[in-house]
Amino acid sequence: MPAELPLVLITHTLPEEWLRKLAGQCLIVTGPPDADHLAPELDEHLPEAEGVFSLLTIPVSEELLSKAPNLRVVSNMAVGYDNIDVAACTRRGIPVGNTPGVLTEGTADLTMALLLAAARKLPEASKDAREGRWTTWSPTGWLGADLNGATLGIVGMGKIGAAVARRAKAFGMKIIYSDPNPHHEIEVVLLAMRKSLDKILTESDFLSLHCPLNPETSGLIDAQALQAMKPSAILINAARGPVVATKDLYRALSEGWIAAAALDVTDPEPLPSDDPLYALPNCLIVPHIGSATHYTRRRMAELACDNLLAGLRGERLPNCVNPEVYQ
Ligand code: DGY
């Protein structure tokens with residue numbers, strides 16, 4: 001391989017037009033489309049690799065880093081970076097990039113779609129219609145929950161939480177939130193009230209999760225939290241699967257601790273097709289599609305390219321999750 005251009009490992013096959021910015025800037029070795037671990041054909045190039053462009057399904061671990069002594073940048077095509085051992089990257093002076101901002105609106109849209117679908121029982125109603133159980137206009141059939149006047153609790157008022165709050169306001173919802181830090185954006189200050197998590201759990205008709213996954217939030221919504229919620233409450237998770245304890249959620253939904261759940265993310269992910277959660281009519285599950293719009297995914301890839309190229313040039317990444325590497 002010619003030595004003049006840096007070698008970059010892209011963990012998945014991605015559309016060429018998403019990666020246009022990389023043309024002529026680096027040599028690229030690409031993994032398969034649906035990789036859930038680093039493909040062997042990439043693994044063997046780790047010793048020469050100067051950049052890794054990863055997706056959230058690939059653990060960028062201490063083990064991977066130890067095989068890549070020439071690595072100068074890790075660019076994750078996601079806003080979340082719980083798949084990356086950031087501390088290990090920092091110890092090696094490797095900046096890690098992520099893609100905040102560009103997926104805010106798309107993910108907030110999907111959150112509202114999940115919330116509405118669960119509130120109005122769309123999966124059950126659609127299934128009944130298709131399978132011949134729509135025999136008349138039923139005055140008592142498929143009754144759901146109103147958004148207007150309901151309380152939405154948001155756990156994690158970052159960019160996505162705030163975008164959900166703005167949408168929920170338009171539906172006439174009252175919004176409360178919990179977050180380790182108060183939100184200062186005036187629009188959010190005016191439309192949502194910060195409370196303790198305990199209060200959010202007990203007061204919410206809808207509880208929507210938008211916090212990052214870290215040691216503090218892993219298992220945050222466990223049996224105790226679910227039991228504190230209203231029996232009529234609906235849980236939406238568009239954050240990370242492990243924020244909710246899966247087995248506890250199954251009990252909560254099957255024993256009526258809460259009314260329903262709508263999940264864009266699960267633990268494990270993907271959730272095996274024989275998982276009992278799929279059999280529950282009050283559990284809607286979609287395959288981590290929060291950012292899955294044409295525009296959003298392309299922008300995420302472009303931002304990941306910007307981070308990667310900056311790292312290869314030895315410049316500060318436009319979006320760096322461990323800026324301490326520059327100190
Ligand atoms: C992210 O970027 O972290 C999202 O989960 C992708 O949809």
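Residues numbered from 1 in each chain as written. Predicted model: local features only at pLDDT ≥ 70, side-chain atom pairs only at ≥ 80, totals over all residues. Heavy atoms only, no water.

(A) Seen up close, the nonpolar core. Core analysis: the biggest nonpolar cluster contains 56 residues, and Phe53, Met77 and Phe206 have the highest contact counts within it. Inspection of this core shows a minimum of three residues originating in each of domain 1 (7-102 + 294-326) and domain 2 (104-285). Setting aside residues no more than four positions away along its own chain, Phe206 makes contact with Leu115, Ala119, Ala145, Asp146, Leu147, Ala150, Thr151, Leu152, Gly153, Met173, Ile234 and Ile236. (Core = buried A, V, L, I, M, F, W, Y, C linked by side-chain atoms within 4.5 Å. Buried < 20%, exposed > 50% of the residue type's maximum accessible area, 1.4 Å probe, protein only. Domains from an automatic or database assignment. Contact = heavy atoms within 4.5 Å.)

(B) How the structure looks around the pattern of salt bridges. Tallied over the full model, the rule gives 20 salt bridges. Salt-bridge contacts for Arg133 lead to Asp128; the nearest nitrogen and oxygen are separated by 2.7 Å. Classification of Arg133 by relative accessible area gives partly exposed; the value is 41%. The residue Glu185 makes a salt bridge to Arg166 at a minimum N-O spacing of 3.2 Å. Within this pair, whereas Glu185 is found in the loop between strand E7 (174-178) and helix H7 (186-191), its partner Arg166 is found in helix H6 (residues 159-170), the two being separated by 19 residues in sequence. Exposure remark for Arg166: the relative accessible area of 27% places this residue in the partly exposed category. The structure contains a network of salt bridges with shared partners spanning Lys127, Asp128, Glu131 and Arg133. (Salt bridge = Lys/Arg side-chain N within 4 Å of Asp/Glu carboxyl O. Helix = DSSP H or I, 4+ residues; strand = E, 2+ residues; numbered from the N terminus.)

(C) Fine view of empty space enclosed by the protein. Evaluated as defined, the whole model comprises one cavity of 30 Å³ or more. Lining the largest cavity are Asn237, Gly241, Val244, Thr246, Leu249, Leu263, Val265, Thr266, Asp267 and Leu277. Classifying every residue of the lining of the largest cavity gives five nonpolar, four polar and one charged. (1 Å grid on protein atoms, 1.4 Å probe; cavity = no way out; pocket = protein on both sides within 12 Å on 5 of 7 lines; lining within 4 Å. Points joined across faces, edges and corners; volume = space filled by probe spheres on them. Nonpolar A, V, L, I, M, F, W, Y, C, P; charged D, E, K, R; others polar.)

(D) Molecular detail of the sheet that holds strand E6 (residues 151-155). If you walk across this open sheet you meet the seven strands as E8-E7-E6-E9-E10-E11-E12, and the pairing is parallel. The open sheet has two edge strands with one neighbour each: strand E8 (192-194) and strand E12 (283-285). Neighbour-to-neighbour, the strand axes of this sheet turn through a mean angle of 15°, independent of strand direction. As paired strands, strand E9 (residues 206-209) and strand E10 (residues 234-237) are joined by four bridges and run parallel to one another. Within the sheet, the bridge partner assigned to Leu207 lies in E10 and is Leu235. Each of E6, E9, E10, strand E11 (260-263) and E12 touches helix H4 (residues 104-119); the most contacted strand, E10, lies at about 155° to it. Across the sheet, H6 is in contact with E6 and E7; its angle to E6 comes to roughly 175°. (Pairing = 2+ DSSP bridges. Axes fitted to C-alpha atoms, helices over the stretch in contact; angles between N-to-C directions.)

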